[in-house]
Amino acid sequence: MSTTLKAVRGTRDLLPPETALWERVERIAREVFARYNFGEIRTPVFEDTQLFARGVGEETDIVAKEMYTWEDRARAQSEKAQSLTLRPENTAGVVRAYIEHKLGDSGLLQKLYYIGPQFRRERPQKGRYRQFYQIGAEIIGPPSSGSESPLRDAEVLEMLATLLDELGIKGWTLTLNSVGSSSDRPRYIAALKEALAPVKDKMCVDCQRRAETNPLRVLDCKHPEDQPIIETLPRIADYLDEASRTHFAQVLAGLDACGVKYTVNPRLVRGLDYYTRTTFEFTVETGLGTQNALLGGGRYDGLSEMLGGPKAPGIGFAIGEDRLILILQAQAGDAAAPKADAYIAPIGEAQNAYALALARELRRAGLTIETGDGSARLKKSFETADKLARNIVLVGEDEAQSGILTVKNFAAGEQTKIPRAELASALKVS
Ligand code: AMP
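Every chain's residues receive numbers from 1 upward, in the order its sequence appears when written. pLDDT decides what is reported in this predicted model: residues at 70 or higher carry local features, side-chain atom pairs at 80 or more are listed and counted, and totals for whole chains, interfaces and linings draw on all residues regardless. Hydrogen atoms and water are omitted, and side-chain values are computed over all heavy atoms in the structure.

## Remarks on the nonpolar core
- By nonpolar core we mean a set of buried residues, namely Ala, Val, Leu, Ile, Met, Phe, Trp, Tyr and Cys, connected to one another through side-chain atoms within 4.5 Å. Note on exposure labels: buried denotes an accessible area under 20% of the residue type's maximum, exposed denotes more than 50%, and partly exposed covers the range between, all computed with a 1.4 Å probe on protein chains only. Counting residues in each nonpolar core, the largest one holds 43 residues, and the members touching the most others are Phe-33, Phe-280 and Phe-317.
- For helices the rule is a DSSP run of H or I covering at least 4 residues; for strands it is a run of E covering at least 2, with both sets numbered from the N terminus onward. Element by element, the count of residues in this core is highest for helix H5 (residues 150-167), at 8 residues.
- Core analysis: the second largest hydrophobic core is formed by 19 residues, Leu-196, Val-199, Cys-204 and Cys-221 among them.

And the structure:
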């Protein structure tokens, strides 16, 4: 006997009616992005492994432990085997595309958004998957396009606040920080290393390693026992130069002017190496425990150059769509599945063709219609219709001949006769 196959651990099928919520979220996201004049970019789901090694950073958990990487075999003598990776995030791909297509040559800011799957080999749990979806956006361009302006940071954050409000997410918190420019960072990292040297042996094994390889990541440690030590470490805010301090103050002033509430957290560093200056997270208190980070992002002024491109400062974010959906479901309770406007039940197979033509007419008028089959017993048709639709339209021989349909509205419990020409408008309101 053959074993049944299942979706791979950490991946899942999304099914109706839940997919209606995914569609709604994506529609609202597209509408909001359009109002801020963003255009959609679609990059491949796999890329050269080097892109992530260089762009995201060798020392990050993502690159060190979580990537799906394989050696892609050469199919012809002329081809070389190549190390490929399923994208664990989309910013590196967007910046690669920006460089490859010379988007900076227009001299204009590029405002790009994406919606799509990402892949990380993490330990699966509720809200954490190996194939998950992100909705993200990036603003990137040559410095002359204004890409470095703190107005961009504030605008992105204000757009996110608007998006979450329009999606109906309640109780979100914006936390932000400045992790400094590429000239502030080395001074801070040196200070961190020095402060960590005498205490690192008391910390978790990850921190002991990070203290040497990537001290900034120590601040990201979630181990409760390490927190008192982390509290005593130097703060990045004390190592920002005048330009970084002013930039951050202007981002905050922009948020104040728009009335977007925030908290500054001097420990917020985030997991990806490419961030400079503004970094941020939006969290929502739900039953999701430690997985309450709904979205994260920040500035990556040096990323394009790290990938061999021109100077192209940028800022972006990625929303975890799976978590967004979980939060919406938790906050909305069990909302009833949407129902069709009408179920058309032919009585006798001779009425099937009439029913189909009637369904076509109503669907073209914008209604959502289900159709039955004339062989079904009437009682069964009523039961099915009640599950799927708000109304049942009966098509018997009389109805087909007279063009006067029998309609029952389930909520009202009433049966009425409606001429075919008036049916669409009657069903729209009932
Ligand atoms: P990051 O790309 O790590 O900054 O993550 C941005 C957002 O993507 C997070 O705030 C999460 O909401 C979401 N996310 C990251 N990893 C996963 C995962 N394995 N499963 C589901 N969502 C994720």
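## Concerning the environment of Trp-70
- Positionally, Trp-70 belongs in strand S3 (residues 69-72).
- For the pair Trp-70 and Leu-86, spaced 16 residues apart in the sequence, the C-alpha separation amounts to 8.9 Å.
- The term polar contact refers here to a pair of N or O atoms within 3.5 Å; inside protein, the definition further demands a hydrogen-donor-capable atom paired with an acceptor-capable atom, and it admits residues adjacent in sequence only when both atoms are side-chain atoms. A distance of 3.1 Å separates the side chain of Trp-70 from the side chain of Asp-72, its partner in a polar contact.

## Overview of the pattern of salt bridges
- Should a side-chain nitrogen of Lys or Arg be within 4 Å of a carboxyl oxygen of Asp or Glu, the pair is scored as a salt bridge. Counted by the stated rule, this structure contains 24 salt bridges.
- We note a salt bridge from Asp-322 to Arg-12, for which the minimum N-O separation is 2.7 Å. With Asp-322 in helix H11 (residues 321-332) and Arg-12 in the segment before helix H1 (18-35), the pair connects residues that are 310 residues apart, well separated along the chain.
- You can call Asp-322 buried: its relative accessible area is 4%.
- Two residues, Lys-379 and Glu-383, come together in a salt bridge whose shortest N-O distance is 3.3 Å.

## A look at the packing of H1 against H11
- At a closest axis distance of 11 Å, the pairing of H1 and H11 adopts a crossing angle of 110 degrees. What the angle tells us is that H1 and H11 run roughly perpendicular. Classified by chirality, the crossing of H11 by H1 is right-handed. Facing Glu-18, Leu-21, Trp-22, Arg-24, Val-25 and Glu-26 of H1, the residues of H11 in contact are Glu-321, Asp-322, Leu-324, Ile-325, Leu-328 and Gln-329. Note on definitions: angles span 0 to 180 degrees between N-to-C directions of axes, and those axes are lines fitted to C-alpha atoms, for helices only across the stretch in contact. Convention used here: angles under 35 degrees read as roughly parallel, angles over 145 as roughly antiparallel, angles from 65 to 115 as roughly perpendicular, and any remaining angle as oblique. Crossings are assigned a handedness: left-handed for a near helix turned anticlockwise from the far helix by less than a right angle, right-handed for a clockwise turn. The contact rule is simple, with two residues in contact once any of their heavy atoms fall within 4.5 Å.

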